[in-house]
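What follows is each chain in one-letter form.
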Amino acid sequence: GAVVSQHPSWVICKSGTSVKIECRSLDFQATTMFWYRQFPKQSLMLMATSNEGSKATYEQGVEKDKFLINHASLTLSTLTVTSAHPEDSSFYICSASSPGANVLTFGAGSRLTVL
Amino acid sequence: DAKTTQPNSMESNEEEPVHLPCNHSTISGTDYIHWYRQLPSQGPEYVIHGLTSNVNNRMASLAIAEDRKSSTLILHRATLRDAAVYYCILRDDTGGFKTIFGAGTRLFVKA
């Protein structure tokens, strides 16, 4: 079945630094990928829709200059948290839909801790 | 997006069936009913989806009310590995796959 891989699975960084999270569709091409964040004991919140070859579409309230999304190929989308602060600490999850299937496959998530 | 309502939590005994309800009274004619679940510290995984008819797969069954205003996810024999948060989601699959999650139901399974 369709597999979505995220890297890194966890990362710890200092406040003020930038962190990049990768999301790859391993056995299919994905023109669209979705990025979510999840705080402890809360549901997933959609941050943005990543579109291959064009700009991402951000949900209301999500700062596009803070969370940079690049979808340069049909199998890779990256989320960069710029100038990270402790309040950005969260579980970031990406997802994609394989062609012909109308269900989403999710990555295992990336846990970011900002000190 | 049409809203869904689920109980915050439910409890089940191992080896017994579990019926997880979902209300979606404002569902539109083109909305599919999707169920995903999320195990602790993992990304969500697809469980099942349907439009009007009941659906069965190796993981679960989905029973959809005739008026489509509610549905029930059925786990036929709960195991400890089924302890997770279950999300009932409505999505118009004709317009892309943008998926909005509600609060879900946390299922506890007792040995």
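This text gives an overview of the structure that appears in the document. (Residues numbered from 1 in each chain as written. Chains lettered and ligands numbered in written order. Predicted model: local features only at pLDDT ≥ 70, side-chain atom pairs only at ≥ 80, totals over all residues. Heavy atoms only, no water.)

1. Re the state of the cysteines
Residue and element names in this part refer to chain A.
Next up, step 1: Scanning all chains against the criterion turns up 2 disulfides over all chains.
Next up, step 2: What pairs with C23 in a disulfide is C94, and their sulfur atoms sit 2.0 Å apart. Here the S-S torsion is close to 85°, and the disulfide linking C23 with C94 is therefore right-handed. Residue C23 is found in strand β3 (residues 19–25), and its partner C94 is found in strand β9 (residues 90–96); the two are separated by 71 residues along the sequence. Assigned by exposure class, C23 and C94 land together as buried.
Next up, step 3: Unpaired in this structure, C13 has its nearest cysteine sulfur neighbour in C94, at a distance of 18 Å.
Next up, step 4: Assessed through its relative accessible area of 9%, C13 is described here as buried. (Disulfide = S-S within 2.5 Å. Helix = DSSP H or I, 4+ residues; strand = E, 2+ residues; numbered from the N terminus. Buried < 20%, exposed > 50% of the residue type's maximum accessible area, 1.4 Å probe, protein only.)

2. Some thoughts on the sheet that holds strand β8 (residues 84–92) of chain B
All names here are of chain B.
Next up, step 1: One open sheet accounts for 5 strands, arranged β1-β9-β8-β3-β4; its pairing is mixed. Edge positions in the open sheet fall to β1 (9–13) and β4 (45–50), since each of these has one partner strand only. Strand-to-strand twist across the sheet, computed as the mean angle between neighbouring axes with direction ignored, equals 25°.
Next up, step 2: Looking at chain direction, β8 and strand β9 (residues 105–110) are connected through 3 bridges and run antiparallel. Paired with Y86 across the strands is T105, a residue of β9. (Pairing = 2+ DSSP bridges. Axes fitted to C-alpha atoms, helices over the stretch in contact; angles between N-to-C directions.)

3. A few points about the environment of H19 of chain B
Residue and element names in this part refer to chain B.
Next up, step 1: In this structure, H19 sits in strand β2 (residues 18–23).
Next up, step 2: Judged by relative accessible area, H19 falls into the partly exposed class, the value being 45%.
Next up, step 3: Measuring from C-alpha to C-alpha, the distance between H19 and L73 comes to 5.7 Å, with 54 residues separating the pair along the chain.
Next up, step 4: If we skip the residues at most four places from it in the chain, H19 touches M10, T72, L73 and I74. (Contact = heavy atoms within 4.5 Å.)

4. Some words on the pattern of salt bridges
Next up, step 1: On inspection of all chains with the given rule, the structure shows 7 salt bridges over all chains.
Next up, step 2: Salt-bridge contacts for K98 of chain B lead to E59 of chain A; the nearest nitrogen and oxygen are separated by 3.0 Å. Of this pair, K98 of chain B sits in the loop between β8 and β9 while E59 of chain A sits in the loop between β6 (57–58) and β7 (67–73), on two different chains.
Next up, step 3: In this structure, D88 of chain A engages K66 of chain A in a salt bridge whose closest nitrogen and oxygen atoms are separated by 2.6 Å. Here D88 of chain A is found in the loop between β8 (76–81) and β9, whereas its partner K66 of chain A is found in the loop between β6 and β7, with 22 residues between them in sequence.
Next up, step 4: Exposure remark for D88 of chain A: the relative accessible area of 6% places this residue in the buried category.
Next up, step 5: Accessibility expressed as a relative area gives 11% for K66 of chain A, which makes it buried.
Next up, step 6: Here the residues in one salt-bridge network are R37, E45 and D82 of chain B, joined through shared partners. (Salt bridge = Lys/Arg side-chain N within 4 Å of Asp/Glu carboxyl O.)

5. Some thoughts on the side chain of Q38 of chain B
Next up, step 1: Checked against the element boundaries, Q38 of chain B lands in strand β3 (residues 31–38).
Next up, step 2: In this structure Q38 of chain B touches Q38, L44, F91 and I93 of chain A together with G43, P44, A84, V85 and Y87 of chain B, once residues within four positions along its chain are discounted.

6. A few points about the interface of chain A and chain B
Next up, step 1: Counting residues at the interface gives 19 residues for chain A and 20 residues for chain B.
Next up, step 2: In total, about 1400 Å² of surface goes out of reach between chain A and chain B, with carbon and sulfur atoms giving 57% of it.
Next up, step 3: Run the count over chain A and chain B and you get 1 salt bridge.
Next up, step 4: Mapped by element, the contributors of at least two residues to the side of chain A that touches chain B are β4 (32–38) and β9 of chain A.
Next up, step 5: Broken down by element, the side of chain A that touches chain B gets its largest block of residues, 3 residues, from β4 of chain A.
Next up, step 6: A breakdown of the residues in the side of chain A that touches chain B according to their chemical character gives 11 nonpolar, 6 polar and 2 charged. (Buried area = accessible area lost by both parts, 1.4 Å probe. Nonpolar A, V, L, I, M, F, W, Y, C, P; charged D, E, K, R; others polar.)

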